[in-house]
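Structure at a glance
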Amino acid sequence: MHQRPLKFSLLDYTLLALLLSAAGYITFRITVQLEYNWNWSVIPQYLFRYDQEQGRWVANYLVDGLITTLRLSLWSSLLAMVLGLFMVLARTSSSLFLQLVSRCYIELMRNLPPLVLIFICYFFLADQILPRLGLETLVAEGPEWLTGMVGWCFGQPSSLVPFCSALLTLAIFESAYVAEIFRSGIESVSRHQWEAAHALGLRRHQALIHVILPQAFRRVLPPLAGQLISLIKDSAIVSVISIQELTYQGTQLMASTYLTIEVWITIAAMYLLLTFPCSMAVGWLERRYRRRRV
Amino acid sequence: MEQPVMGGDDYIISAERLEKTYPGNLKALDDFTVRVKRGEVVVVVGPSGSGKSTFLRCLNGLEEIDSGSITVDGIPLDDREEHRLEIRREVGMVFQAFNLFPHMTVLENVNLAQQLVRRRSRSEATEFSLALLDKVGVSEKARVYPDALSGGQQQRVAIARALALMPKVMLFDEATSALDPEMIGEVLDVMRSLAGEGMTMVVVTHEMGFAREVSDRVVFMEQGRIVEEAATATFFTAPARKRTRDFLRQIL
């Protein structure tokens, strides 16, 4: 297919100029009308600071927050995928009981505000159940490699319990959407593929594992990746239970420095730093799979 | 409880008094009885919607019958999952739309059931698969994905895949109907040579030339019932029923 080369026209330049002047006007209003003192120079020190004791640069509030957000998103995505897969297997199974369980789960999770879910999970999980498991002491008294590994994967041991409850909540919440995405993928595979697998004497689970799921998975990769990007963004809500992720660090920093606008613009940029490469990767995957026609 | 199995049965397939009704009161099979001897090639013909495909798909349990009984190689097709799987191991099926697995190479398609169902090692399976692909004439395509093959090649791979379990019976469900005319011949050639090797085959087809040349017996059905069943020569030269003569006049 031949495509016309894309160029900016005079109208585009005019619109661009209008946009830029709008941005300039807003900056002007903030500066003049709010008598806001712009002070970008202090922001870098909240990203990294020089540690005198260790004699090297270490992450400060904001980068710490970014790392926590990254950890939170990564682990809850993985857990959401596993939970989602189980839920969709239950949903498509031949057992009525399992079907009902997964339907209830999916409908409940998709129809509750995540914030409410966070509070429920936090006060039940973090307050009542997780401390009883003695995770913290287990990690603190465990061998050094364990403490080190847990620290590297989940952050400081002292905040392990709230972190885990946030992680679980996000995973539970997202897994309902992941399950629906998986289900659409499984249903998009033609029933002829099931028949061919059955005619070859494959059992149901063998057909599922070797024939249906690989095809379904390739098809749902783009929406799945999109869902995981939205999980990165959704992870901001766990700031309400004081998980020290990026948004929470932002609120703290704002309270102590009053540099509201600088802080939030910096944080927006940091979220973009996480999500934008993911979006690019999704686009690349989509193009790749379109070429290979699954 | 085990159902009694008749020993020394001549018939490898016996389908007795099958009944099947689709939703909307559509009779797909109506008091339908067909028995197939070992090594016999039976062609099932009839107008579209007469229940030919339904009959084939009931034979390996892809569809449930409402009543009647099916026995394949002494194994009753009943509610027991193990019986159903056992029958499917003994019965290969080739579909109109090929139904190859698009995410696997040709070789992987043919290997899959050998490894999962027959528990062959990968190298054993590959060796046998390559021999089968050679037999159907697509061995040079073993490492490519199905979408790079022509329809005729895909269908020949599908035949190799069905043969990989060393079935005792092969079912062909309009195996050439989705093919461009110039590719029908290559698929029929493979089927012809299979019949020549003594494979038991039940073939639903519109290829009357093939039926006439290769089959031992023809079953003509309409609206789920058998209109006429006769040895091939008799069927084509001296059909007993007027309905059969009308059908043959239309189609030949």
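Position labels on residues start from 1 in each chain and follow its written sequence. Each chain is given a letter, starting from A, and each ligand a number, starting from 1, according to the order in which they appear as written. Side-chain atom pairs in this predicted model are given and counted only at pLDDT of 80 or more, local residue features only at pLDDT of at least 70, and totals for whole chains, interfaces and linings cover all residues. To obtain the side-chain values, all non-hydrogen atoms of the structure were used and water was disregarded.

1. Some words on the sheet that holds strand β5 (residues 75-76) of chain B
Residue and element names in this part refer to chain B. Ordered in space as β2-β1-β4-β5, the four strands form an open sheet in which the pairing is antiparallel. In this open sheet, the two strands that pair with only one neighbour each are β2 (26-37) and β5. The pairing of strand β1 (residues 11-22) with β2 spans eight bridges and is antiparallel. Paired with Ile13 across the strands is Val36, a residue of β2. Paired strands, in this sense, are two strands between which DSSP finds at least two bridges. The secondary structure listing takes helices from DSSP runs of H or I that are at least 4 residues long and strands from runs of E that are at least 2 residues long, numbered from the N terminus.

2. Points about the sheet that holds strand β6 (residues 91-94) of chain B
Residue and element names in this part refer to chain B. Judged by pairing direction, the sheet is mixed, and its six strands sit side by side in the order β6-β7-β8-β3-β9-β10 without closing on themselves. Pairing within the sheet leaves two strands with one partner each, and these edge strands are β6 and β10 (225-231). The mean inter-strand angle of the sheet, taken between neighbouring strand axes irrespective of direction, is 15°. In this sheet, strand β8 (residues 200-204) lies alongside strand β3 (residues 41-45) in parallel orientation, the contact comprising four bridges. By the bridge assignment for β8, Val43 is matched with Val203. Residues are treated as being in contact if the distance between any of their heavy atoms lies within 4.5 Å. All axes are obtained by fitting lines to C-alpha atoms, using only the stretch in contact for helices, and the reported angles, taken between N-to-C directions, cover 0 to 180 degrees. Packing of helix α2 (residues 81-90) onto the sheet brings it into contact with β6 and β7 (169-173), and relative to β6 it is tilted by some 65°.

3. As for the interface of chain B and chain A
In this complex, chain B contributes 25 residues to the contact, which on the side of chain A involves 20 residues. The term buried area denotes the loss of accessible surface (1.4 Å probe radius) that occurs when two parts are joined, taken as the sum for both partners. Both sides of the chain B and chain A interface together cover about 2,000 Å² of buried area, and 59% of this is carbon and sulfur. When the buried surface of chain B facing chain A is broken down by residue, Phe101, His103 and Leu116 of chain B rank first, second and third, together holding 27% of it. Note on definitions: salt bridges are taken to be side-chain nitrogens of Lys or Arg within 4 Å of carboxyl oxygens of Asp or Glu. For the pair chain B and chain A, the interface holds two salt bridges. Between Arg57 of chain B and Glu195 of chain A there is a salt bridge, with its nearest N and O atoms 2.7 Å apart. A 3.5 Å cut-off defines polar contacts: any pair of N or O atoms within that distance qualifies, except that in protein one atom must be a possible hydrogen donor and the other a possible acceptor, and neighbouring residues in sequence count only when both atoms are side-chain atoms. Where chain B packs against chain A, one counts six residue pairs in polar contact (both at pLDDT 80 or more). Looking at the side of chain B that touches chain A, the elements that each hand over two or more residues are α2, β6, α3 (106-116) and α5 (151-163) of chain B. Any residue that is not Ala, Val, Leu, Ile, Met, Phe, Trp, Tyr, Cys, Pro, Asp, Glu, Lys or Arg is counted as polar, Gly included; the first ten are nonpolar and the last four charged. For the side of chain B that touches chain A, the class distribution of residues is 16 nonpolar, three polar and six charged.

4. Side note on the confidence of the model for chain A
Summary statistics for chain A give a mean pLDDT of 85 and a share of 97% for residues scoring 70 or more. Across chain A, element-level confidence peaks in helix α9 (residues 191-199) of chain A with a mean pLDDT of 95 and bottoms out in helix α6 (residues 135-141) of chain A with 72. One number per residue, pLDDT, summarises how confident the predictor is, and it ranges from 0 to 100.

5. Brief notes about the environment of Tyr22 of chain B
Note that Tyr22 of chain B resides in strand β1. Residue contacts for Tyr22 of chain B: discarding those within four places in its chain leaves Ala28, Thr54 and Glu63 of chain B.

6. What to know about empty space enclosed by the protein
In this analysis the probe radius is 1.4 Å and the grid spacing 1 Å, with only protein atoms considered; a cavity is a set of points the probe fits into but cannot get out of, a pocket is an open set with protein on both sides within 12 Å along at least five of seven lines, and lining residues have an atom within 4 Å of a point. Grid points are joined across faces, edges and corners, and a volume is the space filled by probe spheres set on the points. Counting across every chain of the model gives two cavities of 30 Å³ or more. Considering only enclosed or pocket space, the largest cavity measures out at about 40 Å³ in volume. Surrounding the largest cavity, Ala199 and Leu200 of chain A together with Arg88, Arg89, Val91, Gly92, Met93, Ala162, Leu165 and Pro167 of chain B form its lining. Among the secondary structure elements, those contributing two or more residues to the lining of the largest cavity are α2 and β6 of chain B. Ranked by residue count, the leading element in the lining of the largest cavity is β6 of chain B, at three residues. Partitioning the lining of the largest cavity into residue classes produces seven nonpolar, one polar and two charged. Its boundaries defined by the atoms lining it, the second largest cavity holds a volume of some 40 Å³.

7. Description of the pattern of salt bridges
Pairing between side chains of opposite charge can happen when the charged atoms of each approach one another. Taken as a whole, this structure holds 26 salt bridges over all chains when the rule is applied. Residues Arg91 of chain A and Glu180 of chain A are paired through a salt bridge, measuring 3.4 Å at the closest nitrogen-oxygen approach. Highlighted residues: Arg91 of chain A in helix α3 (residues 61-91) and Glu180 of chain A in helix α8 (residues 160-188), separated in sequence by 89 residues. Both residues of the pair, Arg91 of chain A and Glu180 of chain A, count as buried. In this structure, Asp246 of chain B and Arg249 of chain B form a salt bridge, with 3.3 Å as the shortest nitrogen-oxygen distance. You can see Asp246 of chain B and its partner Arg249 of chain B sitting in helix α9 (residues 242-251), three residues apart, about one turn around the helix. With a 1.4 Å probe rolled over the protein chains alone, any residue whose accessible area is under 20% of its type maximum counts as buried; one over 50% counts as exposed, and the rest are partly exposed.

8. Points about the pairing of β8 of chain B
All names here are of chain B. Burial runs high along β8: five of the five residues are buried. On β8, burial covers both faces: Thr200, Val202 and Val204 on one face and Met201 and Val203 on the other are all buried. Bridging between β7 and β8 involves five bridges; their strand directions are parallel. Its bridge partner lying in β8, Asp173 is registered against Val204. Handedness of a crossover: with both strands directed away from the viewer, a clockwise path from the first strand across the helix to the second marks it as right-handed. Between the parallel elements β7 and β8, the chain passes through helix α6 (residues 181-196) in a crossover that is right-handed.

9. Examining the layout of surface pockets
In this approach a probe as big as a water molecule rolls over the atoms, and the regions it shows empty are the leftover space. Residue and element names in this part refer to chain A. Each pocket or cavity is described by its volume, and for the largest pocket that value is around 450 Å³. Surrounding the largest pocket, 16 residues form its lining, Asp64, Thr68, Arg71, Gln156 and Gln244 being those nearest its centre. When contributions to the lining of the largest pocket are tallied by element, the ones reaching two or more residues are α3 and α8. It is α3 that provides the largest number of residues to the lining of the largest pocket, a total of five residues. By residue class, the composition of the lining of the largest pocket is seven nonpolar, seven polar and two charged.

10. Some remarks on the packing of aromatic side chains
All names here are of chain B. Centre distance within 6.5 Å is the pairing criterion for rings of Phe, Tyr and Trp, where only the six-membered ring of Trp is used; planes under 30 degrees apart are then read as stacked, over 60 as edge-to-face, and the remainder as tilted. By the definition in use, this model includes 10 aromatic pairs over all chains. Here the basic side chain of Arg35 rests over the ring of Tyr11, its NZ or CZ set 5.9 Å away from the ring centre. Over the ring of Phe101 we find Arg161; its NZ or CZ atom is 4.5 Å from the centre of that ring. Any Lys NZ or Arg CZ that is within 6 Å of a ring centre and within 35 degrees of that ring's normal is treated as a charge sitting over the ring.

11. Details of the nonpolar core
Within the largest apolar cluster, 56 residues are counted, with the highest numbers of intra-cluster contacts made by Leu202 of chain A together with Phe55 of chain B. Ranked by residues supplied to this core, first place goes to helix α10 (residues 204-234) of chain A with seven residues. Not counting residues within four places of it along the chain, the set of residues in contact with Phe55 of chain B comprises Ala15, Leu18, Leu29, Phe32, Val34, Val44 and Val202 of chain B. What is meant by a nonpolar core is a set of buried Ala, Val, Leu, Ile, Met, Phe, Trp, Tyr and Cys residues, joined one to another through side-chain atoms within 4.5 Å. Of all hydrophobic cores here, the second largest spans 49 residues; its members include Val41, Ile184, Val190 and Met191 of chain B.

12. Remarks on the packing of helix α4 (residues 122-135) of chain B against α5 of chain B
All names here are of chain B. Interaxial distance between α4 and α5 falls to 9 Å at its minimum, and their mutual angle equals 140°. In terms of orientation, α4 and α5 fall into the oblique class. You can see that α4 and α5 cross each other, and the crossing is right-handed. Judged by residue contacts, Phe128, Leu132 and Leu133 of α4 engage Val157, Ala160 and Leu163 from α5. Throughout, the term roughly parallel applies to angles under 35 degrees, roughly antiparallel to angles over 145, roughly perpendicular to angles from 65 to 115, and oblique to all others. In a left-handed crossing the near helix is turned counterclockwise from the far helix by less than a right angle, and in a right-handed crossing that turn is clockwise.

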